Amino acid sequence: MSRPRTTPGPVPSAPRNAPDTPRSAPRDTPAATPDASPDAPRGGRARGHAPWTAFGGDLHLDLTERRAAGAGLRAALEDALREAVQDGRLAPGTRLPSSRALGEDLGIARNTVVEAYGQLTAEGWLGARPGSGTTVADRAAPRPAGRPAAARADRRPTGRHDLLAGRPDLSLFPRSAWLASARRALAVAPHDAFDYGSPLGRIELRRALCDYLARVRGVRTDPDRLLVCSGFGQGLGLLAAALRGRGAGRIAVEGYGLPPQREVLRAAGLGLAPLPLDCNGARTDLLDDLGGAGGTAERPGAVLLTPAHQFPSGAALSADRRAAAVRWARERDGYVIEDDYDGEFRYDRQPLGAMQALDPDRVVYGGTAAKSLAPGLRLAWLALPDELVEPVARLKALADTMSPVTDQLTFAELIASGRYDRHVRRCRLHYRRRRDLLVAALAERAPQVRVTGIAAGLHAVLQLPPGSRPEAELLERARAAGLVLTGLDWYRAGPDAERALGLPAPENRSDTAPDAAPDAGPALVVGYATPSDRAFPAALDALCGVLRES
């Protein structure tokens, strides 16, 4: 008797935005096994599909050596999985491939994998639940005997109250504005924006930065002389290598500054010549005296300055010292490297224009978004003299080809839309309020402390009177109170560097020799911008408690 013919009904269409789905399901769908991956197609994998299609990831297991040593197939698989879990290569909670996928990947029978999974589950190495697949069990793997603990790559100190200088309040990062700018930038970006590009950086960001820096900082440059780099540290390293290639053997640095920057310069093969400091900034009038015993051969080929807001003292480089530095660079065929690390944040004085405008052919301008946005973005830029564009760009290409594209496009849109200006204004008001709270609290609870360097920036220097506890003891007491901060001496460039604080103006001093140092007490450098609003009051209480007993 013949079977009646049936006409199939219409196949319902998939939702418009749904992922690709098969037009029809296989008639015989096997029941799901406990170790089946939920990502696997319900009707089984089509022949020829790669194993990771079902699993969603790869798992490398090498059974060759174990098989060569005489182990059976199942025993070799169990041993390889057990070792991967024990040494931490497979972390607790990691979902393993389905038995079918792993079997095809290793070229062994699925039943062998099922049996190996079952044995390791019984031993407690793995766990299996119907519908959830097979996962690595949550158990502590013992450290192999005699294996030394790995050294921490991140040596940043930690504590309950973070007052380290050099970082913004990360809770202020403009997430909504950044996301809106990213969506707009990605929507209009050309396809070739995501290809290998110029080591100078994306033209969209270089154009936006040229307009912004000219308007806000008075920088004179154009997109062809602007290089985007991954943080000012990278830019400084590229510059140092380029200067070394031009024959420079030494570089002048401020008597107090960031130790990591000095490490970058040394790594590039440059010797350091510290410049004394006073309340008018670095003694650039002494640049010609830094030749040393070797005379002309040991003269610096460049000088690194923080003219708008000396770090960490907070002094602004006076007009005559700016002119002296530029004059020295012209006469000695050298360069001034201007680190404008927090140029956006001025409170009690008129904004100082960039020193680069005095001579764009002799001053390299360096800026960063680390303070205005976040250091994790790794966005910085150099406005280069014509002679340094090619060598620095070549070194950038060798270092990492180019900086990441998507953040460059987003930052360019953030600037062009005006969102960046609005964000900076909000941050400026926020940090000024923080500074005022710090000054008021110290005036009330630790009146013996003199607060300096607060007309701009994100940090303050707390100068204690002579006779106070030594700086090392103060820092130890701060650590005991859960405070993370630094003392002024940590920033000292060398034993001959003049004390950066407490100095009278040169015209009022009876002795202005480079090695003259006043009898000053210890000093602490406090980053009042670092904590969030919720954490700042407690940090301020702890700081005042330490200083009150100093």
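See the structure shown above.
Everything in this summary refers to the structure shown in the same document. (Residues numbered from 1 in each chain as written. Predicted model: local features only at pLDDT ≥ 70, side-chain atom pairs only at ≥ 80, totals over all residues. Heavy atoms only, no water.)

1. With respect to the overall build of the protein
Phase 1 of the analysis: Scanning the protein from terminus to terminus reveals 15 helices and 17 strands.
Phase 2 of the analysis: Looking at the protein as a whole, 48% of its 550 residues are labelled buried.
Phase 3 of the analysis: Look at the contacts in the protein between residues 6 or more apart in sequence, and 74% of them connect residues 24 or more apart.
Phase 4 of the analysis: In the structure as shown, the protein presents an accessible area of about 27,600 Å², 51% of it carried by carbon and sulfur atoms. (Helix = DSSP H or I, 4+ residues; strand = E, 2+ residues; numbered from the N terminus. Buried < 20%, exposed > 50% of the residue type's maximum accessible area, 1.4 Å probe, protein only. Contact = heavy atoms within 4.5 Å. Areas by Shrake-Rupley, 256 points an atom, 1.4 Å probe, with all protein chains shown as cover.)

2. Some thoughts on helix α10 (residues 319-332)
Phase 1 of the analysis: The terminal C-alpha atoms of α10 lie 20 Å apart, and with 14 residues this matches the ideal 20 Å at 1.5 Å per residue to within 8%.
Phase 2 of the analysis: Lining the buried residues of α10 we find β7 (277-278), β8 (281-282), β9 (302-305), β10 (335-339) and β11 (363-368).
Phase 3 of the analysis: Within two residues after α10, Asp333 carries a phi angle of roughly 55°, on the positive side. (Expected span 1.5 Å × (residues − 1).)

3. What to know about the nonpolar core
Considering soluble globular proteins, one finds that nonpolar side chains tend to be buried as a cluster.
Phase 1 of the analysis: Counting residues in each nonpolar core, the largest one holds 33 residues, and the members touching the most others are Leu442, Leu462, Leu483, Leu485, Leu543 and Leu547.
Phase 2 of the analysis: Those elements that provide at least two residues to this core are α13 (419-445), β14 (460-463), α14 (471-480), β17 (523-526) and α15 (536-548).
Phase 3 of the analysis: Counting residues per element, this core draws most heavily on α15, at eight residues.
Phase 4 of the analysis: Ignoring any residue separated from it by four or fewer positions in sequence, one finds Leu543 in contact with Leu163, Leu438, Leu462, Leu483, Leu485 and Val526.
Phase 5 of the analysis: Residues Cys229, Ala302, Val364 and Leu382 belong to the second largest nonpolar core, which totals 29 residues. (Core = buried A, V, L, I, M, F, W, Y, C linked by side-chain atoms within 4.5 Å.)

4. Digging into the pattern of salt bridges
Phase 1 of the analysis: Taken as a whole, this structure holds 32 salt bridges when the rule is applied.
Phase 2 of the analysis: The partner of Arg246 in a salt bridge is Glu387, and the shortest N-O contact between them spans 3.5 Å. Linking Arg246 in the loop between α8 (232-245) and β5 (250-254) with Glu387 in helix α11 (residues 386-400), this pair joins segments that are 141 residues apart in sequence.
Phase 3 of the analysis: Among the ionic pairs, Asp285 bridges to Arg321, the shortest N-O distance being 3.9 Å. Taken together, the residues Asp285 in the loop between β8 and β9 and Arg321 in helix α10 connect sequence positions 36 residues apart.
Phase 4 of the analysis: Its relative accessible area of 43% is what places Asp285 among the partly exposed residues.
Phase 5 of the analysis: One network of salt bridges, in which partners are shared, links Arg74, Glu78, Arg82, Glu115 and Glu123. (Salt bridge = Lys/Arg side-chain N within 4 Å of Asp/Glu carboxyl O.)

5. As for the environment of Tyr347
Phase 1 of the analysis: Along the chain, the position of Tyr347 falls in the loop between β10 and β11.
Phase 2 of the analysis: Its relative accessible area of 8% is what places Tyr347 among the buried residues.
Phase 3 of the analysis: Linking Tyr347 and Tyr431, residues 84 residues apart in sequence, is a C-alpha distance of 9.1 Å.
Phase 4 of the analysis: Setting aside anything within four residues of it in sequence, one finds Tyr347 in contact with Arg428, Tyr431, Arg432, Arg435, Ile454, Ala455, Ala456, Gly457, Leu458 and Tyr528.
Phase 5 of the analysis: There is a polar contact of 2.7 Å between the side chain of Tyr347 and the backbone oxygen of Gly457. (Polar contact = N/O pair within 3.5 Å; in protein donor to acceptor, adjacent residues only side chain to side chain.)

6. Observations regarding the environment of Val228
Phase 1 of the analysis: Within the secondary structure layout, Val228 lies in strand β4 (residues 226-229).
Phase 2 of the analysis: Val228 gets classed as buried once you look at its relative accessible area, which sits at 1%.
Phase 3 of the analysis: With 153 residues separating them in the primary sequence, Val228 and Trp381 have C-alpha atoms 4.4 Å apart.
Phase 4 of the analysis: In this structure Val228 touches Pro199, Leu200, Gly201, Leu205, Arg206, Leu379, Ala380, Trp381, Lys396, Ser403 and Gln408, once residues within four positions along its chain are discounted.

7. Here we look at the pairing of β10
Phase 1 of the analysis: Burial of β10 is extensive: five of the five residues sit out of reach of the surface.
Phase 2 of the analysis: Because side chains alternate across β10, one face comprises the buried residues Tyr335, Ile337 and Asp339, and the other comprises Val336 and Glu338, equally buried.
Phase 3 of the analysis: Since β9 and β10 lie parallel, the crossover through α10 that links them has a hand, and here it is right-handed.
Phase 4 of the analysis: Where β10 lies against β11, four bridges are found, and the strand directions are parallel. Paired with Asp339 across the strands is Gly366, a residue of β11. (Right-handed = clockwise from strand over helix to strand, strands pointing away. Pairing = 2+ DSSP bridges.)

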